[in-house]
Amino acid sequence: MLNRTADNVARATPEPLAKKIRGISDKGLAWLFISPTILLLLAINIFPLFWAIYLSFTNYRANRPNEVVKNLGLANYRRILGDQDIWIAMQTTAHFVFWTILLQTVIGFTLAWLIDRKFRGHAFWTTIILVPMMLSPAVVGNFWRFLYEPQIGLFAYAVSFLTGIPPTNVQMLSNVELAPWAIVIVDTWMWTPYVMLICLAGLRSIPEYIYEAAEVDRASNWRQFWSITLPMALPFIMLAVLFRGIENFKMFDMVNLLTGGGPGSTTEVASITLKRQAFESWRTGYSSAFAIILFVAVFGLANIYVKALNKVKQR
Amino acid sequence: MKSTLKLALGLASATLASTAVSNVAHAEDLTLCWAAWDPANALVELSKDFTKETGIGMKFEFVPWTNYADRFLNELNSHGKLCDLIIGDSQWIGGAAENGHYVKLNDFFDKEKISMDDFVPATVVGYSEWPKNTPNYWALPAMGDVVGWTYRKDWFSRPELQKEFKEKYGWDLAPPTTFDQLKQIAEFFQKRQIDGKTVYGASIYTERGSEGITMGAMDVLYSYGFQYENPKKPYEMEGFVNSEKSVKGLEFYKALYDCCTPPGASNSYMGEGVDAFKSGQVAMHMNFAFTWPGLQKDENVGGDKIGYFVNPKGPDGDQFAQLGGQGISVVSYSDKQESALKYIKWFANKDVQGKWWSLGGYSCLNSVVKDPKFPSSQPYAQAFLDSMAIVKDFWAEPSYAPLLQASQKRFHDYVVAGQASPKDALDGLVKDWTQVFQDDGKM
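What you see is a predicted model; the values in this text were computed from it and never measured. (Residues numbered from 1 in each chain as written. Chains lettered and ligands numbered in written order. Predicted model: local features only at pLDDT ≥ 70, side-chain atom pairs only at ≥ 80, totals over all residues.)

Engineer: Sorry, what's going on with the overall build of chain A here?
Structural biologist: Each helix and strand counted, chain A has 14 helices and 0 strands in total. When the helices and strands of chain A are listed from N to C terminus, the series reads α-α-α-α-α-α-α-α-α-α-α-α-α-α. By the compact-globule yardstick of 20 Å for 315 residues, chain A is too spread out, its C-alpha radius of gyration being 27 Å. Considering only intrachain contacts with a sequence separation of at least 6, the fraction spanning at least 24 residues in chain A is 69%. (Helix = DSSP H or I, 4+ residues; strand = E, 2+ residues; numbered from the N terminus. Rg over C-alpha atoms; globule rule 2.2 N^0.38 Å. Contact = placed C-beta atoms within 7 Å.)

If you want it as structure tokens, here you go:
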């Protein structure tokens, strides 16, 4: 049936066109099929990247299109690397990335390990645990803002109930010491299930016979965990860390909704600084240079990390 | 059968014709862009008269204040045709004029005999002129606004509170005339139990994202002696922005934030201020005058319970207030400039301006605000008039956005986060602003 249809199509194709098609090699045909995707990629990914690299060497401002664009050489890069505020924003980002990844990995792996025990109702609890991950960051940011509200927020009342501190003194988003942790808590609450899911996949991929062999050798549960479970799940944990690391390095929505970078600049992560420079101060050239620096940093770190991941997998 | 066919054809033609007519009518509709706030609703009501008179329909694009600048500056910068008319913020005037976003209105004003002398001088300088204090007009003053204060008249008049206050501070509990008095009142009410509820001293601007904390801090700094630049040498800021008087002013603003604001009020601007006052949380409330008509009508805190006062004096007796408000401009990328100019001509009319005030807008026309009946026309009218007489505004330079971002950061870092000292904050501000003007080639 299929052959007959193909024959009919071939017969119906006008001779000049048929000749042309017959002349295309397999490689040519492959290029023909992937070219729309490549063109799309070039238009929306590669071209903007090269355009941003070009702009990063200029004083271009998107809000002044009629002004003469001057070539500044490396001046934007020098200014960024010498700007103390930028380094503070990078430190804030690093702090945020470190603590969120640490907490999410520890809690996520523990939850995965518990869920993997396959206790009664484990499927139900898995679904419940996954709920925060399914919510929109805009929704999560907004309702946590209300939860943290010192006069009416449940969080403040819960802390007050446990510690005796008056709820109006639990100012999670206004206090310089607490605000960074407020964001870490929300991000951990939202994304730990994601880490748990990847770790669970890792735990479920460990063949049962290895544990059976360990039982025969009378290895303790603790020994089994350190010698079998953890090493075999490690590539999955590392993968989760990579994904969360990249995501959190460019974290914007949650911070913007919860604190807007405040109080002061306490929670101003690199992406907030970048947005302010690009779309509020309209320093397009300067912010392009900053974006390139961030891109190179993430790209470089991710590459080193992937190499380490491959080594772990080969062991 | 034939007659049915004719009827169907007739109906179809009539439908097509009416669609065409309505399309023509819609093609003439003007779109006016502004912030989403109470005066915008008043303008919708007012503009119905314009449509009635001219047949030109009005569409409105209102954006919440937090996104207002981002949204419409993007629209102007991208030469978008969404807005035919725009009520742009006073600080945009320099950039909008120099980048060609607004139509220059001088010839139009001459032709239509619209004189800027008929408007409150501060609003002409603030909303229409660029360069400042030159007769180059890019907007018609549309909505006068200024930062002032509301207070709980009912609490202030309670005999037991008056007695306690007098004993503690030695003067009568009344609307403050100096910032020191304002702080004393705020301290007096902070965490006080009134009608079984804990109340707080004052709601002030602390917002970080757009312009909040700058508007609030400047409102105090001006009266303490802050100046943007050397009056004799433009762009010379050292010793003016970071003068000793300015340092004292910023120190005061932080002290007011630390002592007397509701818990968690670290990112508070117009909306949050209104909420704090309406919910009976605060005794005093700093906000733009546009919020006053709404508060006056509020069932819980309006009517006889609310009072208004002008921004108090600083330690040397200087008294200024932060200018708000906007002018209305014709967008140069609009295809309907002629109709848009018709709207401006109509809006400048004395009767229309009178109705504008009665609906809740703040007219800038002298004949409206200097009318002998004006001060008694609303309970807040006198405070508005007095406030408009002492206004000062933020930079209106084309680079106003980076200038504003710098002050937002420096003020929030110091006032809310308590980082560094007021001197460091203002020295840093001089450094940031100098960099902006150097980048612009102005220094």
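Resuming the write-up.
Engineer: Explanation requested: the overall build of chain B in the structure shown.
Structural biologist: Scanning chain B from terminus to terminus reveals 20 helices and 12 strands. Taking 22 Å as the expected radius of gyration for a compact globule of 443 residues, we find that chain B reaches 24 Å, a close match to that expectation. The dimensions of chain B, computed from C-alpha atoms along their principal axes, are 95 × 55 × 40 Å. Looking at chain B residue by residue over its 443 residues, the buried ones come to 47%. (Buried ≥ 20, exposed ≤ 12 C-beta atoms within 10 Å, placed from the backbone.)

Engineer: I keep staring at the domain arrangement of chain B and nothing clicks. Help me out?
Structural biologist: Size of an interface, as often reported, equals the accessible area lost when the parts are brought together. All names here are of chain B. For chain B, the domain assignment lists domain 1 (16-145 + 325-392) and domain 2 (147-322 + 399-439). The distance between the C-alpha centroids of domain 1 and domain 2 comes to 28 Å. At the junction of the two partners, domain 1 supplies 22 residues and domain 2 supplies 21 residues. Going through the elements one at a time, α2 (38-54), α3 (65-77), α4 (93-98), α18 (381-388) and β12 (391-392) are the ones with two or more residues in the side of domain 1 that touches domain 2. (Domains from an automatic or database assignment.)

Engineer: Looking at this structure, I do not really get the UniProt feature "transmembrane region" (unreviewed entry) in chain A. What am I missing?
Structural biologist: All names here are of chain A. According to UniProt, the "transmembrane region" (unreviewed entry) feature falls on residues 29-54, 96-115, 122-144, 178-203, 224-246 and 286-306. With 100% helix and 0% strand, residues 29-54 has its two end C-alpha atoms placed 34 Å apart. Helix makes up 91% of residues 122-144 and strand 0%, with an end-to-end C-alpha separation of 27 Å. (UniProt positions renumbered as here; feature names shortened; annotations may be inferred.)

Engineer: Help me understand the pairing of strand β5 (residues 147-152) of chain B, please; the structure alone is not making it clear to me.
Structural biologist: The side chains of a regular strand alternate between the sheet's two faces. Residue and element names in this part refer to chain B. Of all 6 residues that make up β5, 6 are buried, and the element is covered over most of its length. Judged by which residues are buried, β5 turns out to be covered on both faces: Val147, Trp149 and Tyr151 on one side and Gly148, Thr150 and Arg152 on the other are all buried. Pairing of β5 with strand β8 (residues 282-288) involves 5 bridges; the strand directions are antiparallel. Bridging across to β8, Tyr151 finds its partner in Met284. The pairing of β5 with strand β9 (residues 306-309) spans 4 bridges and is antiparallel. (Pairing = 2+ DSSP bridges.)

Engineer: Mind showing me how you'd approach the UniProt feature "domain: ABC transmembrane type-1" (unreviewed entry) in chain A here?
Structural biologist: Mapped onto the present numbering, the UniProt feature "domain: ABC transmembrane type-1" (unreviewed entry) falls at residues 90-305 of chain A. Helix makes up 76% of residues 90-305 of chain A and strand 0%, whereas the separation of the span's terminal C-alpha atoms amounts to 19 Å.

Engineer: Help me understand the interface of chain A and chain B in this model?
Structural biologist: The interface of chain A with chain B comprises 25 residues on the first partner and 20 residues on the second. When grouped by side-chain class, the residues that make up the side of chain A that touches chain B number 7 nonpolar, 13 polar and 5 charged. (Nonpolar A, V, L, I, M, F, W, Y, C, P; charged D, E, K, R; others polar.)

Engineer: What should I look at first to understand the sheet that holds strand β2 (residues 58-63) of chain B in this one?
Structural biologist: Hydrogen bonds between backbone atoms are what pair the strands of a sheet, whose relative direction is either parallel or antiparallel. All names here are of chain B. Across the sheet, which stays open at both edges, the 5 strands sit in the order β2-β1-β3-β11-β4 with mixed pairing between neighbours. Each of the sheet's edge strands pairs with one partner strand only, and the pair in question is β2 and β4 (140-143). Ignoring strand direction, the axes of neighbouring strands in this sheet form an average angle of 30°. Sheet topology places β4 next to strand β11 (residues 326-330); 3 bridges connect them, and they run antiparallel. Among the inter-strand pairings, Met143 is bridged to a residue of β11, identified as Gln326. Running over the sheet, α2 touches β1 (30-35), β2 and β4 and is turned about 170° from β2. The strands that helix α6 (residues 121-128) touches are β4 and β11; relative to β4, the one it contacts most, it runs at about 100°. (Axes fitted to C-alpha atoms, helices over the stretch in contact; angles between N-to-C directions.)

Engineer: What exactly am I supposed to notice about the environment of Glu15 of chain A here?
Structural biologist: By secondary structure assignment, the location of Glu15 of chain A is in helix α2 (residues 15-22). Along the primary structure Glu15 of chain A and Ser227 of chain A are separated by 212 residues, whereas in three dimensions their C-alpha atoms are 68 Å apart.

Engineer: How should I be thinking about the sheet that holds strand β6 (residues 192-194) of chain B in this particular structure?
Structural biologist: Residues and elements named next belong to chain B. The 5 strands are arranged β6-β7-β8-β5-β9 in an open sheet whose pairing can be described as mixed. What marks the edges here is a single partner per strand, and that holds for β6 and β9. Within this sheet the neighbouring strands show an average axis-to-axis angle of 40°, counted without direction. Of the strands in this sheet, β6, β7 (197-203) and β8 are in contact with helix α9 (residues 179-189), which crosses β7 at around 165°. Sheet strands in contact with helix α12 (residues 270-278) are β5, β7 and β8, and its direction is about 150° off that of β8.

Engineer: What is the right way to look at the nonpolar core in this model?
Structural biologist: Leu85, Ile93, Trp138, Ala202 and Ala217 of chain B are the most contacted members of the largest nonpolar core, which totals 131 residues. Here Ala217 of chain B is in contact with Leu250, Tyr253, Phe411 and Val415 of chain B, once residues within four sequence places are set aside. Membership of the second largest hydrophobic core comes to 47 residues, among which are Ala89, Phe96, Ile198 and Met254 of chain A. (Core = buried A, V, L, I, M, F, W, Y, C linked by C-beta atoms within 7 Å.)

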